[in-house]
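Descriptive structure summary
Here's the letter readout for the chains.
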Amino acid sequence: MQNSNDAPVSWLKHIRWDSKGLVPVIAQEQGTNDVLMFAWMNREALQKTAELGQAVYFSRSRNKIWYKGEESGHVQKVHEIRMDCDNDVILLKVTQLGHEPGIACHTGRHSCFFSVYENGEWKVTEPVLKDPQTIYK
């Protein structure tokens, strides 16, 4: 996953960044293929992700780089970085670390996609694995 410090970053030029310099990113659990979360990356975040082998995102609400797990300890080890056919979405194949089973969502759940539409209603289908109040201080 790591690049040499001298390695060119020309691979970043192939990505179709949006008008704010961001690209949407989906984190998918290696093995189960569960979709864990959706986030954003800028060039720096994607480059750091490739260099570190650990997910680094861009927080739009805080307007800064965000190392997944920097507060919660729920780090994502990145095994593979993929780009879609239009070059405008990134898929990370990850192992979710820091809790067993893995917690990717800030609500304390395994996945951010825990609500399912059924008969005109949204139903929560995944339990809270750890109280968010104890995760974030």
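Residues numbered from 1 in each chain as written. Predicted model: local features only at pLDDT ≥ 70, side-chain atom pairs only at ≥ 80, totals over all residues. Heavy atoms only, no water.

**What about the overall build of the protein chain?**
We apply this condition: Strands are runs of DSSP state E lasting at least 2 residues, helices are runs of H or I lasting at least 4, and numbering of each runs from the N terminus. With C-alpha atoms as the basis for the radius of gyration, the globule rule is written as 2.2 Å multiplied by the number of residues raised to the power 0.38. By definition, residues are in contact when any of their heavy atoms lie within 4.5 Å. Positive charge is attributed to Lys and Arg, negative charge to Asp and Glu, and no charge count is given to His or to the chain ends. By convention, charge coordinates are those of NZ in Lys, CZ in Arg, CG in Asp, or CD in Glu.
Helix and strand counts for the protein chain come out as 2 helices and 8 strands. Starting at the N terminus and ending at the C terminus, the protein chain contains elements arranged as β-β-α-β-β-β-β-β-β-α. Taken over the C-alpha trace, the protein chain has a radius of gyration of 16 Å; the compact-globule value for 137 residues is 14 Å, and the two agree within 12%. When contacts within the protein chain are restricted to residue pairs at least 6 apart in sequence, those whose partners lie at least 24 apart make up 45%. Measuring between centres, the 16 positive side-chain charges of the protein chain sit 4 Å from its 17 negative side-chain charges.

**Focus on the packing of aromatic side chains**
Worth spelling out the cut-off: Aromatic pairing here means that ring centres of Phe, Tyr or Trp (its six-membered ring) are within 6.5 Å. Orientation follows from the plane angle: under 30 degrees is stacked, over 60 is edge-to-face, and everything else is tilted. Each residue is assigned to one of three classes by its accessible area relative to the maximum for its type, calculated with a 1.4 Å probe on protein chains only: buried under 20%, partly exposed between the two thresholds, exposed over 50%.
Evaluation of the coordinates by the stated rule reveals 3 aromatic pairs. On the numbers, 5.5 Å between centres and 80° between planes, the contact of Phe-38 with Trp-40 is edge-to-face. Given a relative accessible area of 42%, Phe-38 falls into the partly exposed group. Centre to centre, the rings of Tyr-57 and Trp-66 are 5.2 Å apart; their planes meet at 40°, and the pair counts as tilted. With relative accessibility at 0%, the residue Tyr-57 sits in the buried group.

**Observations regarding the pattern of salt bridges**
Stated precisely, the cut-off is as follows: Just to be clear on terms, a salt bridge is a Lys or Arg side-chain nitrogen sitting within 4 Å of an Asp or Glu carboxyl oxygen.
Tallying each qualifying case throughout the model produces 4 salt bridges. In this structure, Arg-62 and Glu-71 form a salt bridge, with 3.7 Å as the shortest nitrogen-oxygen distance. Owing to a relative accessible area of 38%, Arg-62 belongs among the partly exposed residues under this scheme. Through salt bridges with shared partners, a single ionic network connects Arg-62, Glu-70 and Glu-71.

**What to know about the side chain of Arg-109**
Looking at where Arg-109 falls in the secondary structure, it is placed in the loop between strand S6 (90–96) and strand S7 (115–118). Lacking a salt bridge, the buried Arg-109 has Glu-126 as its closest oppositely charged neighbour, with an N-O distance of 6.3 Å. When sequence neighbours within four positions are dropped, the list of residues in contact with Arg-109 reads Ile-103, Ala-104, Phe-114, Val-124, Glu-126, Pro-127, Val-128 and Leu-129.

**Regarding unusual backbone geometry**
Here the amide bond leading from Glu-100 into Pro-101 is cis, since omega sits at 0°, within 30 degrees of zero. Among the secondary structure elements, Pro-101 is positioned in the loop between S6 and S7. Despite not being glycine, Asn-119 shows a phi value in the positive range, around 50°. Locating Asn-119 in the fold gives a position in the loop between S7 and strand S8 (121–124). Judged by its relative accessible area of 77%, Asn-119 is exposed.

**Re the sheet that holds strand S5 (residues 76–83)**
Defined as follows: Pairing between two strands is assigned when DSSP locates at least 2 bridges connecting them. Fitted lines through C-alpha atoms give the axes, limited to the stretch in contact for helices. The angle between two N-to-C directions lies from 0 to 180 degrees.
Strand order in the open sheet formed by 4 strands is S2-S1-S6-S5, and the pairing between neighbours is mixed. Edge positions in the open sheet fall to strand S2 (35–41) and S5, since each of these has one partner strand only. When strand polarity is set aside, the average angle formed by the axes of neighbouring strands in this sheet is 25°. In this structure, S5 lies alongside S6, joined through 7 bridges in antiparallel fashion. For Arg-82, the partnering residue across the bridge sits in S6 and is Leu-91.

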